[in-house]
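# Structure at a glance
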Amino acid sequence: NHTVVITDRDQVIAIAGESMEYNIGDSIKAEIEEVVNHRRTLTVTEDKSKVIAPIIAQGDVMGTVMMTQKGQKIDEIAIKLADTACKFLAKNIEE
């Protein structure tokens, strides 16, 4: 029941699941820009239903992976999944 949104530094480039908030090609929002600027994983929204992790390749932030879970708090497993997805994407970008 997760939605995954992948961005580059400027816009949404891929979505898996149902996203009412984002569409492919949308500009990134302030919460994503904060992750890009601070280079760290962030759990956002008051109910903690969203996690955003940076994709860091060759020392630079290339984008983010965001996971949302409608109506439910993001758990530690989802946070680890987002981080793992970022590492996988970063490794493929570097090759």
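Quick look at the structure, then. (Residues numbered from 1 in each chain as written. Predicted model: local features only at pLDDT ≥ 70, side-chain atom pairs only at ≥ 80, totals over all residues. Heavy atoms only, no water.)

What follows is about helix α1 (residues 30-38). Among the residues making up α1, those that are buried are Glu31, Ile32, Val35 and Val36. An end-on view of α1 places all buried positions within 145° of arc, on one side of the element. Of the exposed residues in α1, the ones pointing more than 90 degrees away from its buried face are Ala30 and Asn37. Where α1 is buried, its residues meet β1 (2-8), β3 (42-44), β4 (50-57) and β5 (60-69). Where α1 ends, the next residue or the one after it, Arg39, has phi of about 60°, a positive value. (Buried < 20%, exposed > 50% of the residue type's maximum accessible area, 1.4 Å probe, protein only. Helix = DSSP H or I, 4+ residues; strand = E, 2+ residues; numbered from the N terminus. Arc of directions from axis to C-beta. Contact = heavy atoms within 4.5 Å.)

What follows covers the environment of Asp83. Looking at where Asp83 falls in the secondary structure, it is placed in helix α2 (residues 76-94). Looking at Asp83, the relative accessible area reads 22%, which means it is partly exposed. Note: C-alpha distance between Asp83 and Val36 (47 residues apart in sequence) is 14 Å. Excluding anything up to four places from it in sequence, Asp83 contacts Thr41 and Ala53. A polar contact is formed between the side chain of Asp83 and the side chain of Thr41, at a distance of 2.7 Å. (Polar contact = N/O pair within 3.5 Å; in protein donor to acceptor, adjacent residues only side chain to side chain.)

What follows is about the packing of aromatic side chains. Considering all chains together, one arrives at zero aromatic pairs under this definition. Taking the ring centre of Tyr22 as reference, the NZ or CZ of Lys29 above it sits at 4.6 Å. (Phe/Tyr/Trp six-rings, centres within 6.5 Å; stacked < 30°, edge-to-face > 60°. Lys NZ or Arg CZ within 6 Å of the ring centre and 35° of its normal.)

All right, on to the sheet that holds β1 then. Reading across from one edge, β2-β1-β5-β4-β3 is the order of the five strands in this open sheet, with antiparallel pairing throughout. The sheet is open, and its two edges are formed by β2 (12-16) and β3, each paired on a single side. Neighbour to neighbour, the strand axes of the sheet diverge by 20° on average, direction disregarded. Where β1 lies against β5, seven bridges are found, and the strand directions are antiparallel. If you follow Val5 over to β5, its bridge partner there is Met66. Contacts between α2 and the sheet are confined to β1, β3, β4 and β5, with β4 contributing the most and set at about 25° to the helix. (Pairing = 2+ DSSP bridges. Axes fitted to C-alpha atoms, helices over the stretch in contact; angles between N-to-C directions.)

The values reported here are purely geometric and, on their own, carry no functional implication.
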